[in-house]
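# Notes for the structure review
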Amino acid sequence: MYLPVVVGVDGSPDALAAAAWAAREAAARHRPLRIVHAVALMPHLLPSSPRPVAVVPGQAERAT
């Protein structure tokens, strides 16, 4: 499996130009194209209290 050509976009003209360039590169190299867009999480969308986390006995000790 070939690694994809990855490009981040934010809707700006420069990002759209980068996406077009990445698409041409992916086609020329016969690679998949992955377009990534991220959005900042708004604090008001977070739950007001933390959710409980399941703890598997022994896992915390092994993870450290």
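Quick caveat: nothing in here was measured; it's all calculated off a predicted structure.

### Some thoughts on the nonpolar core
Within the largest apolar cluster, seven residues are counted, these being V5, V7, V9, A15, A19, A22 and A26. Secondary structure elements with two or more residues in this core: β1 (5–8) and α1 (13–28). With four residues, α1 is the largest single contributor of residues to this core. Those residues in contact with A26 that lie beyond four places of it in its chain are V5, R31, P32 and L33.

### Description of the pattern of salt bridges
Under the defined criterion, the tally for this structure stands at one salt bridge. In this structure, the salt-bridge partner of R29 is E25, at a minimum N-O distance of 2.8 Å.

### Focus: the pairing of β1
By the alternation rule, side chains of β1 split into V5 and V7, which are all buried, and V6 and G8, of which none is buried. Bridging between β1 and strand β2 (residues 33–36) involves four bridges; their strand directions are parallel. Considered in β2, the bridge of V7 is made with I35. Tracing the backbone out of β1, into α1 and back to the parallel element β2 gives a crossover that is right-handed.

### Let's talk about α1
Structurally, the α-helix is built with 3.6 residues per turn, so residues lying three or four positions apart point the same way. Taking 1.5 Å of rise per residue, the 16 residues of α1 would be expected to cover 22 Å, and the 23 Å separating its terminal C-alpha atoms lies within 8% of that figure. Next to the buried residues of α1 lie β1 and β2. Immediately beyond the C-terminal end of α1, within one or two residues, lies H30, with a positive phi of roughly 55°.

### A closer look at the confidence of the model for the protein chain
Within the protein chain, residue pLDDT values average 78, and 62% of them lie at 70 or more. Per-element mean pLDDT across the protein chain ranges from 46 in helix α2 (residues 59–63) up to 96 in β1. A low-confidence stretch, residues 59–64 stays under pLDDT 50, and its non-local contacts, those more than four residues away or across chains, total one contact.

### A short note on unusual backbone geometry
Even without being glycine, H30 reaches a positive phi, approximately 55°. Along the polypeptide, H30 turns up in the loop between α1 and β2.

Parameters and conventions
- Residues numbered from 1 in each chain as written.
- Predicted model: local features only at pLDDT ≥ 70, side-chain atom pairs only at ≥ 80, totals over all residues.
- Heavy atoms only, no water.
- Core = buried A, V, L, I, M, F, W, Y, C linked by side-chain atoms within 4.5 Å.
- Buried < 20%, exposed > 50% of the residue type's maximum accessible area, 1.4 Å probe, protein only.
- Helix = DSSP H or I, 4+ residues; strand = E, 2+ residues; numbered from the N terminus.
- Contact = heavy atoms within 4.5 Å.
- Salt bridge = Lys/Arg side-chain N within 4 Å of Asp/Glu carboxyl O.
- Pairing = 2+ DSSP bridges.
- Right-handed = clockwise from strand over helix to strand, strands pointing away.
- Expected span 1.5 Å × (residues − 1).
- pLDDT = per-residue confidence, 0-100.

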